[in-house]
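Breakdown of the fold
Next come the chains, spelled out residue by residue.
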Amino acid sequence: MVVSRFNPDLAGSTVTQTTTVRDVADLARLTIADSDVGKVTEEFNQTLALFEALTTVSTDSVEPMVNPCMESQPLRADSVATLVDREGLMQNAPASEQNYFLVPRVID
Amino acid sequence: MTTSFETVAGLRSKLAAGDVSSVELTRDAFKRISDLNPELNAVISSNEERAINAATRADEARREGHGSPLLGIPMLHKDIFCTQGLPTTCASKMLADFVAPYDATVVTRLAQAGMVTLGKCNMDEFAMGSSNETSHFGACKNPWDTSRVPGGSSGGSASAVAAGLAPLATGTDTGGSIRQPAALCGITGLKPTYGRVSRYGMIAFASSMDQAGPMARTAEDCALVLEAMAGADPLDSTCADQPVPYYASHLTDTIEGMRVGVPKEFFSSDLNADVAAAIQASLAELEHMGAKLVEVSLPSTSLGVSTYYIIAPAEASANLSRYDGVRYGYRCENPTDLQDLYLRSRSEGFGDEVKRRILVGAFTLSAASYDQYFMKAQQVRRLIAQEYEDVLSQVDVIAGPSAPNTAFVLNDTSKSITDMYMEDVFTIGANLAGLPAMSVPAGLVGGLPVGMQLIGRRFGEVDILKLAHQFQLRTTWHSLTPSMEDSH
């Protein structure tokens, strides 16, 4: 078993344990059905294998590139404006009451 | 009058001459959509009454003397652009009932130019895919062979334009999603420089690479429409404050002596031999036109796929965290508590490919994996961007294939997930580096279209558009149309 989330020093990482794929799914607020765990794990490992090519590249002192915007980003004036009114924003709410979003009770 | 395969520029002339009205064009387009779309599934929502009203207003404006170049011309939007009053689904169950309360800037600008929106195009769910098979509303078909994919993610837009449902459709391109389907469907598609077109109201996939662009029959049409789409937007701080050239007025500028770099890595074993031959013939045509071909090297081409498939899912995982079943989008039935609401709404609302990428993104962004994967990919991204910059300091334009193969068959079970990701091997570099790039019809292989890719310098759209336009003046590949009507 090799699980890189718990050991970042291991190159060529794979996720081979049911609990690990589930652990990643928990981070993403997704569930994986028992019947799908094997398939998801296999596909996940196929994708991680694709990334191994990068381990051969020397990137010492290379500045990470977050965004291709070379120029300064134009900012608009910091003034209040209404782009969409409250009713417009609420029209797609799955459940609402008095213009508030309704969710299951979180405090008993 | 048959106008199904007319260009934007051709329709503009016919409208100006009074040979046809916008209402007639719009009615004809809906007739064709009604005839062909049941088989193609390229258009997933439309509103004829609304379109006829817009066309009527355009005809009235023309009678009053208004003459915007795009006035009254029908078009389709990829269903990733927010459209007030029309569904905006991103081809996902998650947004199946979503109606945006505002228009995307691209939608606003094309409407202000007088274009008539017919409806919205199918796509891969949340733009994640290269075949348009991940759509919640079913796969879209390629009009050249309906047993084959149109490419993706803007597959519906490409299929619709190729089938003559509209002369123009918008697309978005994060790793090749305009260029690859344009190539597979035999149309012309342009991904502008990152920051050339506003992303406001365009549903986010990978924000550092997403860019909107036109998909049409010709480079001239792309130039006309890009002029209307492009330019600074106070609602998108990544949209560059750079003047927008009159692209169409530069199309006939000389290309004599233009240096066209041909990366040797683009002709690797990943490329189908027949596609390679078609591209080589098109490159020879560029040379006959007066361009100078120069062999160049982009040694990190193959690393682009690994880099992209770390960065894009990571950004997607963050962007798609907003779909939690609370404010908009799908909500599961009878949640027991808030955690259950999040988990089931997301698990039931997203399709398999989207969930796969969210999982990969959550993994590479997690604390223990961040440096090994996400940081590393961002460093390699800089190296790749630097390679492109170095090459583009020696040549004016880079040319090569848009996609390694022609359109593949639907439901191809022999293709693994990573095989599918390799479809993007030649297009991803321009997204990582933020460069403008387009696909131009460049031949047929086995009766299926092939696309030649042209990549320019940052904000160098004029260079690739004029090269593409003059190539299209000397070739007829862009004029070929599929023979779907034989069966109707």
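Note that the coordinates shown come from a computational prediction; the quantities given were computed from them, not determined experimentally.

**Concerning the overall build of chain A**
Looking only at helices and strands, chain A features three helices and two strands. For chain A, the residues scored as buried account for 17% of the 108 residues in total. Intrachain contacts of chain A at a sequence separation of at least 6 include 23% that bridge at least 24 residues.

**Thoughts on the confidence of the model for chain B**
Taken residue by residue, chain B gives an average pLDDT of 96. The fraction at 70 or more is 99%. The ipTM assigned to the predicted complex is 0.90, against a pTM of 0.96.

**Describing the nonpolar core**
Residue and element names in this part refer to chain B. Counting residues in hydrophobic clusters, the biggest one holds 164 residues, and the most contacted among them are M75, A160, V161, A166, V225, L359 and L454. Element by element, the count of residues in this core is highest for helix α9 (residues 303-319), at nine residues. Dropping the residues within four chain positions of it, A160 is found in contact with A42, V43, L76, C121, L165, A166 and A169.

**Details of unusual backbone geometry**
Residue G152 of chain B is joined to S153 of chain B through a cis peptide bond whose omega torsion reads 10°. Phi is positive for Q98 of chain A, which is not a glycine, with a value near 50°. Within the element layout of this structure, Q98 of chain A appears in the loop between β1 (96-97) and β2 (100-101).

**Let's talk about the packing of α9 of chain B against helix α11 (residues 352-365) of chain B**
Residue and element names in this part refer to chain B. With their axes 7 Å apart at the nearest point, α9 and α11 run at an angle of 95° to one another. Classed by the angle they form, the pair α9 and α11 counts as roughly perpendicular. Counting all contacts with α9, which are made through I310, P313, A314, A316 and S317, the residues of α11 involved are R357, I358, V360, G361, A362, T364 and L365. Partitioned by chemical class, the residues of the contact of α9 with α11 number eight nonpolar, three polar and one charged.

**Comments concerning the packing of helix α2 (residues 37-51) of chain A against α9 of chain B**
Two elements in contact, α2 of chain A and α9 of chain B, have axes separated by 8 Å at closest approach and are oriented at 125°. If you check the angle between α2 of chain A and α9 of chain B, you find them oblique. Of the residues in α9 of chain B, those in contact with T47, L50 and F51 of chain A of α2 of chain A are V305, S306, Y309 and I310 of chain B. For the contact of α2 of chain A with α9 of chain B, the residue count by class is five nonpolar, two polar and no charged.

**Structural notes on the interface of chain A and chain B**
On the chain B side, the residues contacting the 46 residues of chain A number 63 residues. Put simply, the parts of the chain that give the side of chain A that touches chain B at least two residues each are α1 (18-27), α2 and α3 (86-90) of chain A. Per-element tally for the side of chain A that touches chain B: the top contributor is α2 of chain A, with six residues. Here the residues of the side of chain A that touches chain B are counted per class, giving 30 nonpolar, ten polar and six charged.

**Re the pairing of strand β5 (residues 188-191) of chain B**
On any regular strand, side chains alternate: one points to one face of the sheet, the next to the other face. Residue and element names in this part refer to chain B. Burial along β5 is two-sided: the residues T188 and L190 and G189 and K191 are all buried. Of the pairings in the sheet, the one linking β5 to strand β6 (residues 212-216) comprises two bridges and is antiparallel in character. Residue pairing across strands places G189 opposite M215, the latter belonging to β6. Inspection of the sheet shows β5 paired to strand β10 (residues 437-445) by three bridges, in the antiparallel sense.

**Some words on helix α5 (residues 155-162) of chain B**
Residue and element names in this part refer to chain B. Burial of α5 is extensive: eight of the eight residues sit out of reach of the surface. All buried positions along α5 are accounted for by G155, G156, S157, A158, S159, A160, V161 and A162. At the C-terminal side of α5, G164 shows a positive phi close to 80°.

**Looking at the environment of F363 of chain B**
Within the secondary structure, F363 of chain B sits in helix α11. With 66 residues separating them in the primary sequence, F363 of chain B and G429 of chain B have C-alpha atoms 24 Å apart. With residues near it in sequence (within four places) discarded, F363 of chain B still touches V24 of chain A together with S369 of chain B.

**Focus on helix α3 (residues 48-63) of chain B**
Residues and elements named next belong to chain B. Between its first and last C-alpha, α3 extends 22 Å over 16 residues, near the 22 Å set by a 1.5 Å rise per residue. Residues of α3 that are buried: A51, A54, A55 and A58. Within α3, the buried residues cover an arc of 100° as seen down the axis, which keeps them to one side. Within α3, the exposed residues directed more than 90 degrees away from the buried face are E49, E60 and R63. Directly after α3, the chain includes G65, whose backbone phi takes a positive value near 105°.

**Some thoughts on the environment of T481 of chain B**
All names here are of chain B. Mapped onto the elements, T481 comes out in the segment after α15 (461-474). Residue T481 is classed as partly exposed on the basis of its C-beta count, with 16 C-beta atoms lying within 10 Å. When the C-alpha positions of T481 and P38 are compared, they lie 19 Å apart, and in sequence the two are 443 residues distant. For T481, the contacting residues outside a window of four places in its chain are F5 and G164.

Parameters at a glance
Residues numbered from 1 in each chain as written. Chains lettered and ligands numbered in written order. Predicted model: local features only at pLDDT ≥ 70, side-chain atom pairs only at ≥ 80, totals over all residues. Helix = DSSP H or I, 4+ residues; strand = E, 2+ residues; numbered from the N terminus. Buried ≥ 20, exposed ≤ 12 C-beta atoms within 10 Å, placed from the backbone. Contact = placed C-beta atoms within 7 Å. pLDDT = per-residue confidence, 0-100. Core = buried A, V, L, I, M, F, W, Y, C linked by C-beta atoms within 7 Å. Axes fitted to C-alpha atoms, helices over the stretch in contact; angles between N-to-C directions. Parallel < 35°, antiparallel > 145°, perpendicular 65-115°, else oblique. Nonpolar A, V, L, I, M, F, W, Y, C, P; charged D, E, K, R; others polar. Pairing = 2+ DSSP bridges. Expected span 1.5 Å × (residues − 1). Arc of directions from axis to C-beta.

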